[in-house]
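A structural walkthrough
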Amino acid sequence: MEGLAIRASRPSVFCSIPGLGGDSHRKPPSDGFLKLPASSIPADSRKLVANSTSFHPISAVNVSAQASLTADFPALSETILKEGRNNGKEKAENIVWHESSICRCDRQQLLQQKGCVVWITGLSGSGKSTVACALSKALFERGKLTYTLDGDNVRHGLNRDLTFKAEHRTENIRRIGEVAKLFADVGVICIASLISPYRRDRDACRSLLPDGDFVEVFMDVPLHVCESRDPKGLYKLARAGKIKGFTGIDDPYEAPVNCEVVLKHTGDDESCSPRQMAENIISYLQNKGYLEG
Ligand SMILES: Nc1ncnc2c1ncn2[C@@H]1O[C@H](COP(=O)(O)OS(=O)(=O)O)[C@@H](OP(=O)(O)O)[C@H]1O
Ligand SMILES: Nc1ncnc2c1ncn2[C@@H]1O[C@H](COP(=O)(O)OP(=O)(O)O)[C@@H](O)[C@H]1O
């Protein structure tokens, strides 16, 4: 097949060059190849790509030929080669982004909603799972498709190899962030409810998505309230020293500073009911246009 493969360098950029068939809602891979169909490429494409301020191409070659670093941009090639190792971990090379004929906009049109990630963060016992359930139910009743990724549940499968030490929590959040991004790309309103105690990890998930599509919701519930609920008896065990590194007891929780929605525990039963909290999130989504195609 004729076409162009463009290797995009960091920082990743939006693919929206006029005439190149770009999809303004999708980022190309930050490190890898972006494949464009031959039919959408103007005759002087190589020049256009090479001069583009949106892309930082290091090579543009026919897909039929092996895509490789060229001598055209030696300094960049050097950087990419050095970055080829991710924190000492080996990364796969020669992977090519495959374009689909159905794009995110088509799916959004079909579903009459916009895909996004509602990321619910807070202490254990703050009500994340309860609000996630209330939210998915309320949206379902409005004919909107959601899927919930609950930290506890995902740790039973995809993330069952992870513990609660800091680097494992980071990996837990990274994986859930990547999965949530896929759901959002499908057009689903993906609800992720997990403690996600570190600001940096949540921000990393935010950066995976186009602006606005990551809706961070903070369960602002004091530790003593969470501890008094203690539905699983984990705080009791943590206080007794039987669980080490329990969030809020002997492990940190970094509250969001600039999140989209704060659900504050005031002690008032009505305004703090799970249903009312879910409605607050729905109002936000509605105002931002996520509940229409
Ligand atoms: N050490 C420690 N610290 C915090 N939480 C613990 C711990 N050990 C087990 N649990 C239970 O695991 C649930 C949190 O999993 P998460 O995947 O959401 O955690 S994290 O985001 O990776 O920090 C959490 O569930 P929730 O209560 O629903 O938050 C706890 O029940
Ligand atoms: N808005 C709320 N008001 C009062 N109790 C709540 C509320 N939300 C959750 N709960 C109760 O608090 C406990 C913890 O809720 P849960 O959703 O499991 O929290 P998390 O997922 O953050 O650990 C449960 O017993 C639940 O019934």
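Residues numbered from 1 in each chain as written. Chains lettered and ligands numbered in written order. Predicted model: local features only at pLDDT ≥ 70, side-chain atom pairs only at ≥ 80, totals over all residues. Heavy atoms only, no water.

Looking up the protein in UniProt gives the name Adenylyl-sulfate kinase 2, chloroplastic, with the organism given as Arabidopsis thaliana. According to the UniProt record, the Function comment for the protein reads "Catalyzes the synthesis of activated sulfate. Essential for plant reproduction and viability. Required for the production of glucosinolates." Its UniProt record gives the protein a comment under Catalytic activity, which states: "adenosine 5'-phosphosulfate + ATP = 3'-phosphoadenylyl sulfate + ADP + H(+)". (UniProt positions renumbered as here; feature names shortened; annotations may be inferred.)

Turning our eyes to something else, we now look at the overall build of the protein. Per the secondary structure count, the protein includes ten helices and eleven strands. A total of 293 residues make up the protein; the buried ones form 43% of that total. Long-range pairs, those at least 24 residues apart, make up 71% of the contacts in the protein with a sequence separation of at least 6. Taken as a whole, the protein presents about 15,600 Å² of accessible surface, with 54% of it coming from carbon and sulfur. (Helix = DSSP H or I, 4+ residues; strand = E, 2+ residues; numbered from the N terminus. Buried < 20%, exposed > 50% of the residue type's maximum accessible area, 1.4 Å probe, protein only. Contact = heavy atoms within 4.5 Å. Areas by Shrake-Rupley, 256 points an atom, 1.4 Å probe, with all protein chains shown as cover.)

This part is about the site of ligand 2. The environment of ligand 2 is made up of Leu123, Ser124, Gly125, Ser126, Gly127, Lys128, Ser129, Thr130, Arg229, Pro231, Cys272 and Pro274. The separation between an oxygen atom of ligand 2 and a polar main-chain atom of Ser126 is 3.2 Å. At a separation of 2.7 Å, an oxygen atom of ligand 2 approaches a polar side-chain atom of Ser129. For ligand 2, whose unbound accessible area comes to 550 Å², protein coverage reaches 69%. A total of three residues in the shell around ligand 2 trace back to one element, the largest contributor, which is helix H4 (residues 128-141). Its residues placed into classes, the shell around ligand 2 shows four nonpolar, six polar and two charged. (Near = heavy atom within 4 Å. Polar contact = N/O pair within 3.5 Å; in protein donor to acceptor, adjacent residues only side chain to side chain. Nonpolar A, V, L, I, M, F, W, Y, C, P; charged D, E, K, R; others polar.)

Moving on to the sheet that holds strand E8 (residues 146-150). In sheet architecture, strand pairing relies on hydrogen bonds along the backbone and comes in two forms, parallel and antiparallel. Taken in spatial order, the five strands make up an open sheet running E8-E9-E7-E10-E11, and their pairing is parallel. Each end of this open sheet is capped by a strand with a single partner; those strands are E8 and strand E11 (261-264). Put simply, the sheet's adjacent strands are angled 20° from each other on average, direction ignored. Packed on one face of the sheet, H4 meets strand E7 (116-121), E8, strand E9 (189-193), strand E10 (214-220) and E11 and runs near 165° to E9. Helix H10 (residues 274-287) contacts E7, E9, E10 and E11 of the sheet and is inclined by roughly 165° relative to E11. (Pairing = 2+ DSSP bridges. Axes fitted to C-alpha atoms, helices over the stretch in contact; angles between N-to-C directions.)

A complete count under the given rule lists 16 salt bridges for this structure. Among the ionic pairs, Arg175 bridges to Asp161, the shortest N-O distance being 3.0 Å. Note that Arg175 is positioned in helix H6 (residues 166-186) and Asp161 in the loop between helix H5 (151-154) and H6, a separation of 14 residues in sequence. Across the salt bridge formed by Arg169 and Asp251, the nearest N and O atoms sit 3.3 Å from each other. Taken together, the residues span a long stretch of sequence, with Arg169 in helix H6 and Asp251 in the loop between helix H9 (234-239) and E11 at a distance of 82 residues. Like Arg169, the residue Asp251 is buried in the burial classification. (Salt bridge = Lys/Arg side-chain N within 4 Å of Asp/Glu carboxyl O.)

What follows covers the packing of aromatic side chains. Within this structure, the stated rule accounts for four aromatic pairs. Seen in terms of ring centroids, Tyr147 and Phe183 are 4.9 Å apart; in terms of plane orientation they differ by 10°. Their pairing is stacked. On the criterion of sequence distance, the pair formed by Tyr147 in strand E8 and Phe183 in helix H6 is long-range, its members being 36 residues apart. Under the relative-accessibility criterion, Tyr147 is labelled partly exposed at 44%. Relative to Phe246, the ring of Tyr235 has its centre 5.0 Å away and its plane inclined at 75°; by these criteria the two rings are edge-to-face. With Tyr235 in helix H9 and Phe246 in the loop between H9 and E11, this pair connects stretches of sequence that are eleven residues apart. Since its relative accessible area comes to 2%, Tyr235 is described here as buried. (Phe/Tyr/Trp six-rings, centres within 6.5 Å; stacked < 30°, edge-to-face > 60°.)

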